[in-house]
Amino acid sequence: MKKGRVVCLILLVFFQLVVKSEQVLICLNPTTQITECTFTSLNGSYKKAGLHITQKKQVVINHSDIHLPITFKAQGEHARFKIHTSSRIRELKSSNIYSGNLIIKRVGGGLKLYNKIELDQYISGVVEAESGKDQPTNFYQVQTIISRTYALANLRKHEDQGYQLCNQVHCQVFKGVARHSNDIYKAIEQTKGLILIDTNIEVAHAAFHSNCGGFTTNAEEVWSYPKHYLEAVKDTFCHAGLQYHWQKTVDFSRWETLFKHDSIYDASIPTRDSLISREPICIDSICFSKKQARSTLHLRSTQFNYCLQEDSTSVLITGRGFGHGVGLCQEGAIEMSKQNYDYRSILKHYYKGIKIISYKDLKFFQHLE
Ligand SMILES: [Zn+2]
Ligand SMILES: [Zn+2]
């Protein structure tokens with residue numbers, strides 16, 4: 001081995017040892033104002049401004065009582081807490097369990113709650129929220145790498161608001177740490193620090209969706225920018241998935257609102273099924289995107305056909321897939337996992353030309369530049 005390479009390798013090992021594990025700051029009520037909450041220490045203890053809060057102790061915080069931000073600081077990595085609020089926030093239920101620190105700030109007439117948490121603890125909760133219980137371990141490994149990649153690529157998404165990620169679908173759904181599956185924690189250990197990068201050595205946009213309907217779609221068809229690893233691929237693994245087929249009947253008058261040229265449309269609607277596709281709906285020379293139809297009619301995907309029902313008052317829409325169709329197809333990836341494909345093969349099936357690398361290695365190489 002050349003001398004330069006040996007030095008580089010030693011530096012890399014040293015760098016990995018000294019770089020601390022990443023922490024993230026998550027806002028737990030980004031869109032909802034709350035005025036009061038109750039903190040409960042579950043496992044271990046917490047410190048708040050010098051006060052020791054022992055296990056099972058509760059602290060009530062009212063917005064009128066605080067002026068400066070307060071922090072409940074976890075004493076040890078096993079400390080856990082929960083929060084109760086009177087507001088109905090889907091992602092902030094009192095059954096959720098959190099690790100790390102809780103920071104509370106007074107914002108306007110209410111309180112904002114933030115969880116400062118180790119990246120992998122955060123990922124455990126995201127993986128459970130995004131993929132559910134009882135999935136194959138290989139699939140948990142895939143979802144872990146995707147969620148870790150997404151988090152690290154989006155750490156500045158809420159920079160203007162003073163935190164990194166929100167707990168909602170806008171970033172990734174997070175309802176506290178994983179509670180129902182030990183396999184998620186195993187998957188996190190087995191894929192320690194791994195993320196996806198593109199050929200420019202940049203953190204990838206790891207898009208995923210529920211079911212692609214047999215073909216994923218190119219990124220530029222959904223978001224108007226191309227990515228070499230987000231190109232359409234044929235997928236036979238998701239055909240038996242629950243979200244592969246769907247049907248919806250809409251009133252003809254609702255369907256009509258999509259099109260400004262009613263008279264042309266009225267004469268042209270097919271009465272028999274055509275091919276299910278993502279191709280635009282074209283009547284004479286006028287075309288309408290299925291993206292627009294999906295959003296207006298709340299359809300599961302842009303891959304569908306349509307025909308006028310016999311009574312002429314409604315349109316039957318028959319489609320495939322669920323979601324935007326870009327990147328990894330979750331139901332296909334679950335089936336691949338069941339067929340014993342490993343996480344590398346699954347990720348490389350959906351993201352063409354992608355590289356899997358430890359984020360600490362990525363930081364090291366970015367440091368050298
Ligand atoms: Zn967000
Ligand atoms: Zn698929």
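The structure presented is a predicted model; accordingly, all values stated were derived computationally and were not measured.

Draft legend 1. Broad picture of the overall build of the chain. Per the secondary structure count, the chain includes eleven helices and 18 strands. Taking all 369 residues of the chain together, the buried fraction comes to 38%. For the chain, restricting intrachain contacts to residue pairs at least 6 apart in sequence, the fraction spanning at least 24 positions comes to 69%.

Draft legend 2. Looking closely at unusual backbone geometry. Positioned with a positive phi, D134 is a non-glycine residue whose angle comes to about 55 degrees. Position of D134 among the secondary structure elements: in the loop between α2 (119–131) and α3 (137–153). On the neighbour-count criterion, D134 (8 C-beta atoms within 10 Å) is exposed. The phi torsion at S312 lies on the positive side, around 60 degrees, for a residue other than glycine.

Draft legend 3. Structural context of the sheet that holds strand β15 (residues 304–308). The strand order β12-β16-β15 describes an open sheet built from three strands, whose pairing is antiparallel. The sheet is open, and its two edges are formed by β12 (245–251) and β15, each paired on a single side. With direction set aside, neighbouring strand axes in the sheet form an average angle of 20 degrees. In terms of strand pairing, β15 meets strand β16 (residues 314–320) through five bridges, oriented antiparallel. Bridge pairing links N305 to T318 in β16.

Draft legend 4. Representation of α2 in the model. Taking 1.5 Å per residue as the helical rise, α2 with its 13 residues ought to reach 18 Å, and the 18 Å between its terminal C-alpha atoms agrees with that figure. Within α2, burial applies to Q121, Y122, I123, S124, G125, V126, V127, E128 and S131. Phi turns positive one or two residues past the end of α2, at G132, with a value near 80 degrees.

Draft legend 5. Up close: helix α10 (residues 343–350). Of the positions making up α10, those classed as buried are Y343, I346, L347 and Y350. Across the axial projection of α10, the buried residues extend over an arc of 95 degrees, all falling on one side. Those residues of α10 that are buried are in contact with α3, β10 (194–197), β17 (328–329), α9 (330–338) and β18 (355–358).

Draft legend 6. Focus on the environment of K338. Checked against the element boundaries, K338 lands in helix α9. Residues K338 and N138, spaced 200 residues apart in sequence, show a C-alpha to C-alpha distance of 8.1 Å.

Draft legend 7. Just the nonpolar core, in detail. Membership of the largest hydrophobic core comes to 73 residues, with the highest contact counts inside it found for I26, L196 and L347. With seven residues, the top contributor of residues to this core is α3. Sequence-distant contacts of I26, that is, excluding residues within four places in its chain, are made with Y114, N115, I117, Y122, Y163, Q164, L165, N167 and F174. V250, F304, Y306 and I317 belong to the second largest nonpolar core, which has six residues in total.

Draft legend 8. Representation of the pairing of strand β5 (residues 70–85) in the model. Alignment of strand β2 (residues 36–48) against β5, held across nine bridges, turns out to be antiparallel. Bridge pairing in β5 links F39 to I83. Here β5 runs beside strand β7 (residues 101–107); their pairing, made up of three bridges, is antiparallel. The residue bridging F72 from the neighbouring strand is L102, located in β7. Relative to strand β6 (residues 98–99), β5 runs antiparallel, the two being bridged by two bridges. Counted as the bridge partner of R80 is S99 from β6.

Draft legend 9. Fine view of the packing of α2 against helix α4 (residues 182–190). Orientation of α2 relative to α4, taken along the N-to-C sense of each, is 130 degrees, at an axis distance of 10 Å. The angle between α2 and α4 falls in the class oblique. Crossing of α2 over α4 shows right-handed handedness. Of the residues in α4, those touching α2 at D120, I123, S124, V127 and E128 are I184, Y185 and I188. Among the residues making up the contact of α2 with α4, the classes are represented as five nonpolar, one polar and two charged.

Draft legend 10. Layout of the packing of α3 against α4. Interhelical geometry of α3 versus α4 gives an angle of 60 degrees and a closest axis separation of 8 Å. Relative to α4, the element α3 lies oblique. Note that α3 runs across α4; the crossing there is right-handed. Residues T137, Y140, Q141 and T144 of α3 lie in contact with α4, whose contacting residues are D183, I184, K186, A187, I188 and Q190. Along the lines of polarity and charge, the residues of the contact of α3 with α4 split into four nonpolar, four polar and two charged.

Draft legend 11. Highlighting the confidence of the model for the chain. For the chain, mean pLDDT is 88; residues scoring 70 or higher make up 87% of the total. Averaged pLDDT values for the elements of the chain fall to 48 in helix α7 (residues 262–268) and rise to 98 in α10.

Parameters at a glance
Residues numbered from 1 in each chain as written. Chains lettered and ligands numbered in written order. Predicted model: local features only at pLDDT ≥ 70, side-chain atom pairs only at ≥ 80, totals over all residues. Helix = DSSP H or I, 4+ residues; strand = E, 2+ residues; numbered from the N terminus. Buried ≥ 20, exposed ≤ 12 C-beta atoms within 10 Å, placed from the backbone. Contact = placed C-beta atoms within 7 Å. Pairing = 2+ DSSP bridges. Axes fitted to C-alpha atoms, helices over the stretch in contact; angles between N-to-C directions. Expected span 1.5 Å × (residues − 1). Arc of directions from axis to C-beta. Core = buried A, V, L, I, M, F, W, Y, C linked by C-beta atoms within 7 Å. Parallel < 35°, antiparallel > 145°, perpendicular 65-115°, else oblique. Left-handed = near helix turned anticlockwise from the far one by under 90°. Nonpolar A, V, L, I, M, F, W, Y, C, P; charged D, E, K, R; others polar. pLDDT = per-residue confidence, 0-100.

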